[in-house]
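Overview (structure and organization)
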Amino acid sequence: MKELLLISGLGVLSLLSGLLNLRKGFLLIVILGLLGNIGLSIADWNLNEDVYGMMLMDNFALAFNIVMSVSAILWFISASSYFNNDNNFSDHFSLVLFSMCGGLVLLSYSNMSMLFLGIEILSIPLFVLVGSDKTKLSSNEAAFKYFLLGAFATAFLLFGIALIYGATGSFQNATIAAKLSEGPANAMAFTGMLLMLVAMAFKVSAAPFHFWAPDVYQGAPSYITAFMATVVKTVAFAAFYRLFSSTFGSMQAEYRIIFAAIAALTLLIANFTAAVQTNVKRLLAYSSISHAGFMMIALLCMANNTSGILLYYVLVYSISSIAAFSIFEIVRTQSNGKEDIDAFKGLIRRNRWLAGVFAFSMLSMSGIPPMAGFMAKYLVFTAAIDNGYMWLALIGIVGSLIAVYYYFKVIIAMFGHESDEAPISITASQKFILVLCALGLIALSIFPNLVINQLG
Amino acid sequence: MLTLLLILIPLFSSIMLFAFGRNHAKAIAFTASVAELAVAFATLNAVQTGQAALLNIDMPWLADIGIRFHINTDGISMLMVLLSTLLMPLIMYASFNRNYNNLHTLYGLMFLMQGSIIGSFVAMDGFLFYLFWEIALIPIYFIILMWGGNNRQKVTFKFFIYTLFGSLFMLVALIYVYLQTPDRSFDIQALYAAGRQLPVVEQAWVMAAFFLAFAIKMPIFPFHTWQPDTYYVAPTPGVMMLSGIMSKMATYGLIRWVLPMVPQGIEEYGYILIVLSVISILYASFISIVQKDFKYLIAYSSIAHMGLISAGIIACNAQSLQGSLMEMLSHGINTVGLFFVFDIIFLRMGTSEMKQLGGIRGLDSSFAFLFFIIVLSVVALPFTNGFVGEFLLIIGLFQANAIAASFAGLSIILGVVYMFRSYQTMMLGETNQLTAGFTKLTMQEKITLIIIVTLIIGLGVYPKIVLGITESSVQTLLQGIQ
């Protein structure tokens, strides 16, 4: 509860920041607030605070809340230029923070209505943020597309909740789970579960419900894309896991094959499509979808309590994505808005920090040992093999090999070519965030246990 | 402790070089590589006096999934460590007057590579071995991508994908054996025990998966297609690291991880691997004969030698293993020598196409002499290091498979053909317009070659130093298998 109050308080404060003349130091206030959020989560550890039967701050929620806050802090620092050159400074700050409130609700809901509210609170600010580049047509288009399709997904979710209510007579997770485990699932409950699955798969952009993602990711301002690919994805996966591990836990036999199919489809479609992209932003968007495929495998194996693995995967993925997207944005603005791989040619001669950290995060995302991304994928694969999904692990391996192909296209462009473009200079805070991301990834690759063992 | 130091010194030096090396790259790099060599000798002393406390480190890392940070040095590891630490200062020294851009980054990457290669030589945990094995790939990829020649983008990519693809099979096999261990452990002894209990056919599959990874790295026909081009575009220090040190990871891995883990698989199906290796020897030797470019010739001759080593390892008896280990060391030294000769010629002539050269001996007879000794060693003349290894190898292989041995023996004859022919075309005959401009070797180049030649003759006359290091470990290994 305190966590939610803190973040919404920050949101309200940011609305007033113009009035209170806080504009200059506001980033610092937000970062301190998020650090406070992490502190509160640590203090609440093991307390299992029940918030009026609506939210349950268990360790799962708190751990994901910490990961969300860590990504958000990294994101806020990296996106400082997005806020600084901005007339709607306080609006954008508050939209992001309110979106995070929705995220927090999603992480911890214990009542279906909160799931619905969480998703809405998370998404509505995002619709605005995606379109915040008001003068750009593609940004507007992305916002519109996201809104329309998001509304569809919401309808699916609501319909699903209604059917589940019809089948069990309750909105409470625990009651629903108890009712469902009494006997074999009836058609109404099964349909409800299926509809909710579709809605959640839409939110995490898993195939075949991923079509919105490339366009929205490409059209949105890069920093907002980074926010969606990291913070939003983290909470969406957490909610997905929470829904299907606890509430629908007894229906595993029914949904496992669907999960497996979604994971396989996502891995194949995303990786093959990413391989032919020449626009780096779109490439990163498809890579983000392909990572959703890997995380779907972790979801699939949830019988073995893979929440720790999911947590680790999400954290590693978020950190490398934030580094990648912010470097992309820096390079894009320095190359007259070019988003092609060509813009990255010879980046090592223009700025070795940018090229180095970008290569580092790409190596991590493609799962090259000993990077943290490799550990994450390794854990996911062994979980899959342990659960008898050898074929899925093999598809995953094929997917990673294709991923190596497209990530290395960018690496080759950066390191294997000369460039006559002017060198790029970066600010101290940009350098700081890049080094922080790289160090974080190194630490995560050496001590994965620190994260994984917190859960499960 | 010493074993850990062997890994940490290169890693630390590489960080130092990246961070502060811009102005003192050579000094830092050379000092660090010599310090590393000194530690290697201290380790050798500890190995020979049996001070296990100094060598063995076994700490939990990801304990709940059976991964430990377990490193140890025995005779076999020691020889490999000596090879890489011995060559490192030499490779550094050889590159001193060569004007590479961003020298500190180059050296930093080389140290990163050395650290991970040594890590793979001393790792006693399957997962750790795999990690070190893969880490080594990243620096060499960037070395070739940033300092390589024409068309390096495509060539390095093929190299990277190829090797990564191969090692994934190794990873799958490792995980498979790991899942068979009773308490889910990657420890080497647990993996040995689990592997030996597998039925023969499954052992053969595990063997095949490992061999695929190793065959690509060595390389062995038909998995060699990445190698000639990669060697060709790689800058000289990079190619020296690749062929001198990195290819030995694969042959070492065969000894350490395959022979003791799936002995029955080797016994039943090992002949397939021997046949592949022998084909590789003959194929590469014949191709070497028709090569026009000296660098390609070295690359193909390297395939032939690695094939011989691999056949000897699979034959799996005391002589063939000792021979293989000796040959790994000799091949490392000789190939660095050959690539340095190439570097000397290419720097002066701007080409390594043999037909265009000729008569260099008349211009610099001491260079011709030193080069000739390296050639003799490559063709395994007695009193050179190449002889000892190949002799033992072929005796050992003969015991296991006489036909294979007789074909493998052809490699020596074919080696004479291509090595002498290339020597003849480049060094003897008339001086032409191009080679007239061949300037004498500098002092630094001479010293490098003299060190190499001294090693060649020293080890050829007194191979006992090397054989003594590995003897007891090879015995232990063979006893474990039987």
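1. Some words on the overall build of chain A
- Of regular secondary structure, chain A possesses 20 helices and two strands.
- Its C-alpha radius of gyration of 21 Å places chain A within 12% of the 23 Å reference for a compact globule of 456 residues.
- For chain A, the C-alpha atoms occupy an extent of roughly 70 × 55 × 40 Å along the three principal directions.
- Here chain A, with 456 residues, has 59% of them falling under the buried criterion.
- Across chain A, every contact between residues at least 6 apart in sequence was considered, and the portion connecting residues at least 24 apart equals 79%.

2. Brief notes about the overall build of chain B
- Within chain B, the regular secondary structure consists of 21 helices and two strands.
- For 482 residues, the compact-globule estimate of 2.2 N^0.38 gives 23 Å, and chain B sits close to it at 21 Å.
- Along the first, second and third principal axes, the C-alpha set of chain B runs to 70 × 55 × 45 Å.
- When each of the 482 residues of chain B is scored for burial, the buried share is 61%.

3. Notes on the interface of chain A and chain B
- Counting residues at the interface gives 15 residues for chain A and 18 residues for chain B.
- Of all the elements in the fold, those that place two or more residues in the side of chain A that touches chain B are α17 (372–386), α18 (390–415) and α20 (448–452) of chain A.
- Among the elements that make up the side of chain A that touches chain B, the one with the highest residue count is α18(A) (six residues).

4. Topic: the packing of helix α12 (residues 252–275) of chain A against α18(A)
Residue and element names in this part refer to chain A.
- Between α12 and α18, the shortest axis-to-axis distance is 9 Å and the interhelical angle comes to 20°. Taken together, the axes of α12 and α18 lie roughly parallel to each other. In the packing of α12 onto α18, the handedness of the crossing is left-handed. When α12 is examined against α18, the residues A260, A263, A264, L267, L268, N271, F272, A274 and A275 are found in contact with a partner set consisting of L392, I395, G396, G399, I402, A403, Y405 and Y406.
- In terms of residue class, the contact of α12 with α18 is made up of 14 nonpolar, three polar and no charged.

5. Notes on the pairing of strand β2 (residues 67–71) of chain B
All names here are of chain B.
- With respect to burial, β2 is a largely interior element, four of its five residues being buried.
- Pairing of strand β1 (residues 57–62) with β2, which is carried by five bridges, proceeds in the antiparallel orientation. Pairing of M59 across the sheet is with F69, part of β2.
- The turn joining β1 and β2, which pair antiparallel and follow one another in sequence, is formed by four residues; a positive phi near 75° is taken by G66.

6. Quick notes on the nonpolar core
- In terms of nonpolar packing, the biggest core is built from 375 residues, with V235(A), L299(A), Y313(A), V380(A), M414(A), F210(B) and I374(B) touching the most fellow members.
- No other element matches helix α14 (residues 307–334) of chain A, which puts 18 residues into this core.
- Residue contacts for Y313(A): discarding those within four places in its chain leaves F294(A), M295(A), A298(A), A376(A) and V380(A).

7. As for helix α5 (residues 103–122) of chain B
- The end-to-end C-alpha distance of α5(B), which contains 20 residues, comes to 29 Å, matching closely the 28 Å that a straight helix rising 1.5 Å per residue would cover.
- Counted residue by residue, α5(B) has 20 buried out of 20 residues, so it is predominantly covered.

8. Details of the packing of helix α16 (residues 352–366) of chain A against helix α19 (residues 428–446) of chain A
All names here are of chain A.
- Viewed as axis vectors pointing N to C, α16 and α19 meet at an angle of 30°, and their least axial separation amounts to 10 Å. Between α16 and α19, the angle falls in the class roughly parallel. Note on packing geometry: the crossing formed by α16 with α19 is left-handed. Along its contact with α16, which presents W353, V357, F360, S361 and S364, the element α19 presents K431, L434, C437, A438 and L441.
- The class makeup of the residues in the contact of α16 with α19 is seven nonpolar, two polar and one charged.

9. Some words on the environment of I452(B)
Residues and elements named next belong to chain B.
- Along the chain, I452 turns up in helix α20 (residues 443–461).
- Since 24 C-beta atoms lie within 10 Å of it, I452 is described here as buried.
- Sequence-wise, I452 and Y100 are 352 residues apart; in three dimensions their C-alpha atoms are separated by 23 Å.
- The residues contacting I452, other than those within four sequence positions of it, are I333, V336, G337 and I374.

10. Description of the environment of G356(A)
Residue and element names in this part refer to chain A.
- Here G356 lies in helix α16.
- For G356, a count of 21 C-beta atoms within 10 Å corresponds to the buried category.
- Along the sequence, G356 and M414 sit 58 residues apart, while their C-alpha atoms lie 9.1 Å from each other.

11. Structural notes on unusual backbone geometry
Residues and elements named next belong to chain A.
- Cis geometry is adopted by the peptide bond preceding P208, which originates at A207 and carries an omega value of 0°.
- With an omega dihedral of 0°, the bond running from P369 to P370 counts as a cis peptide bond.
- By the element assignment, P370 lies in the loop between α16 and α17.
- One non-glycine residue with positive phi stands out, namely N46, at about 70°.
- As for its placement among the helices and strands, N46 is situated in the loop between α2 (26–43) and β1 (49–51).

Quick notes on the rules
Residues numbered from 1 in each chain as written. Chains lettered and ligands numbered in written order. Predicted model: local features only at pLDDT ≥ 70, side-chain atom pairs only at ≥ 80, totals over all residues. Helix = DSSP H or I, 4+ residues; strand = E, 2+ residues; numbered from the N terminus. Rg over C-alpha atoms; globule rule 2.2 N^0.38 Å. Buried ≥ 20, exposed ≤ 12 C-beta atoms within 10 Å, placed from the backbone. Contact = placed C-beta atoms within 7 Å. Axes fitted to C-alpha atoms, helices over the stretch in contact; angles between N-to-C directions. Parallel < 35°, antiparallel > 145°, perpendicular 65-115°, else oblique. Left-handed = near helix turned anticlockwise from the far one by under 90°. Nonpolar A, V, L, I, M, F, W, Y, C, P; charged D, E, K, R; others polar. Pairing = 2+ DSSP bridges. Core = buried A, V, L, I, M, F, W, Y, C linked by C-beta atoms within 7 Å. Expected span 1.5 Å × (residues − 1).

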